[in-house]
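# Examining the three-dimensional arrangement
The lines below spell out each chain.
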Amino acid sequence: MVGPWRRVFAAAAGAVAAAAVLVPMAARWLTNPADQRLVDLDVYRTAGVVLLRGEPIYGFLTEPPQLLPFTYPPFSALLAAPLAWMPWPVAQVVMILLIYAALAVAVGYGFRPLLARSGDWSPLVLGVLVALLLCPMPLRDQVRFGQVDLFLVALCVVDCATPRARWPRGLLVGLAMAIKLVPGVFLIYFLVTRRREAAVNALFTAAGATLFTFALLPHDSLKFWFGALWEGDRVGSNYVTANQAVRAFLLRMYWPDPVTTTVWLTAVALLTWVGFRYARKLSLLGASGRLSPADSWSAEQAGVAVTGLLAVIVSPVSWIHHLAWIVLVVGALAGDGRNLRRCSAAAAVWLFYVLTIPWWGTSHIQAAKPLWEQALGRIMQSSYGLGAVTLLFVLGSWLVSEMWRKAPADRRNESRTDAPMGTLAP
């Protein structure tokens with residue numbers, strides 16, 4: 001098949017492959033019971049409606065049985081205003097299409113070495129990857145709830161990983177921070193990877209968006225920053241299985257509150273130190289010029305993934321859909337697809353998050369069960385979050401060793417003698 005026609009065929013086949021999963025997934029969640037349909041999108045759209053009416057955006061609850069409040073910064077309500085102008089059925093379709101677009105961007109960046117190796121067949125590979133990456137529960141839940149996590153992943157990875165950005169680097173991370181506070185971890189990522197200008201740009205962008213919103217919505221801004229932000233129960237029960245933060249795992253142990261708080265703060269401190277150390281090592285390794293172009297890209301992707309996972313792990317409340325960073329984890333592990341061990345690890349991570357293991361655990365935690373079975377059930381119940389903790393070490397240690405194994409001997413020896421601060425050599 002001639003080159004141009006091969007690429008056309010690959011694009012058509014990729015679209016069919018993606019549609020084979022994307023269309024049934026959209027149809028499923030667009031036709032489920034009305035009171036369960038894209039409930040988080042309903043929150044965003046209602047915030048836009050309330051905003052246009054001039055009513056307080058932190059004073060409403062969505063319709064029963066959900067009764068959900070708006071928990072995001074007021075800048076997000078401004079962005080949600082266009083949804084208020086759309087009929088509800090149209091807003092649902094538009095949101096799902098935007099989620100799919102964000103997923104395609106995240107997959108395109110996360111699997112860039114594999115796509116580059118695929119040549120003319122890259123559109124087909126991209127379509128298959130998009131279909132596969134919609135299957136893990138953290139990604140399925142983006143469509144189920146109409147969530148924004150993939151937008152944040154796309155903004156952060158594009159900002160951090162684009163080799164020569166045409167915008168002030170940090171701008172997109174700053175916008176993500178203004179939408180939701182969690183991407184603020186990338187300020188530290190920029191600093192530890194020696195991109196201080198990007199950190200300043202991100203901080204000023206987020207501050208500018210916030211101050212702009214303060215000028216337009218002073219009362220709502222005051223309510224959020226000095227009230228709603230600090231109401232921990234506003235986001236829902238912290239004990240439910242869907243909360244996969246480390247703190248949730250400890251809460252479900254039902255230890256005395258002082259013990260839980262002490263253990264959690266200690267864990268946060270240790271994981272933060274380890275996580276940013278790994279993120280720095282991965283980013284500097286990717287920029288060192290001592291790996292192949294494919295592995296250099298994978299190293300930077302892994303650094304971004306570690307930072308995103310860290311935000312989920314140490315946050316007081318982290319729902320399953322917050323683990324959308326799994327896209328970048330699987331992509332970084334797969335690399336260009338030549339290393340069987342890395343591809344096997346990527347497949348294992350993908351399968352782990354496809355399976356509904358946390359809900360398997362809930363069947364083992366009844367009081368009538370033996371203590372050992374209840375303990376196992378608690379671990380399974382928090383398996384997604386504990387898996388994210390494990391992935392910090394997989395990316396920061398094992399993946400580095402795998403990439404280093406492929407590096408030419410002269411580059412490995414060079415790195416051992418002049419690696420900055422001893423961070424590059426594993």
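Residues numbered from 1 in each chain as written. Predicted model: local features only at pLDDT ≥ 70, side-chain atom pairs only at ≥ 80, totals over all residues. Heavy atoms only, no water.

Moving on: the packing of aromatic side chains. According to the stated counting rule, one finds 15 aromatic pairs in the structure shown. Residues F186 and W325 carry aromatic rings whose centres are separated by 5.6 Å and whose planes lie at 35° to one another, so their mutual orientation is tilted. Placement of F186 in helix α10 (residues 185-192) and of W325 in the loop between α15 (293-314) and α16 (326-334) is noted, with a sequence separation of 139 residues between them. For W325, a relative accessible area of 6% corresponds to the buried category. (Phe/Tyr/Trp six-rings, centres within 6.5 Å; stacked < 30°, edge-to-face > 60°. Helix = DSSP H or I, 4+ residues; strand = E, 2+ residues; numbered from the N terminus. Buried < 20%, exposed > 50% of the residue type's maximum accessible area, 1.4 Å probe, protein only.)

Packing of helix α4 (residues 88-110) against helix α7 (residues 137-145) brings their axes to within 9 Å, and their N-to-C directions diverge by 155°. In terms of their interaxial angle, α4 and α7 are classed as roughly antiparallel. Relative to α7, α4 is oriented so that their crossing is right-handed. Where α4 abuts α7, its residues I96, I99, Y100 and L103 lie against L139, Q142 and V143. Of the residues assigned to the contact of α4 with α7, the class counts are six nonpolar, one polar and no charged. (Axes fitted to C-alpha atoms, helices over the stretch in contact; angles between N-to-C directions. Parallel < 35°, antiparallel > 145°, perpendicular 65-115°, else oblique. Left-handed = near helix turned anticlockwise from the far one by under 90°. Contact = heavy atoms within 4.5 Å. Nonpolar A, V, L, I, M, F, W, Y, C, P; charged D, E, K, R; others polar.)

This brings us to the pattern of salt bridges. Scanning the model with the defined rule gives eight salt bridges in all. Among the salt bridges present, the one from E300 reaches R195, with a minimum N-O distance of 3.2 Å. Of this pair, E300 sits in helix α15 while R195 sits in the loop between α10 and α11 (196-216); the two residues are 105 residues apart in sequence, bridging distant segments of the chain. Comparing E300 with R195 shows no difference in burial state: the two are buried. What you see here is one network of salt bridges that share partners, running through R6, R7 and D120. (Salt bridge = Lys/Arg side-chain N within 4 Å of Asp/Glu carboxyl O.)

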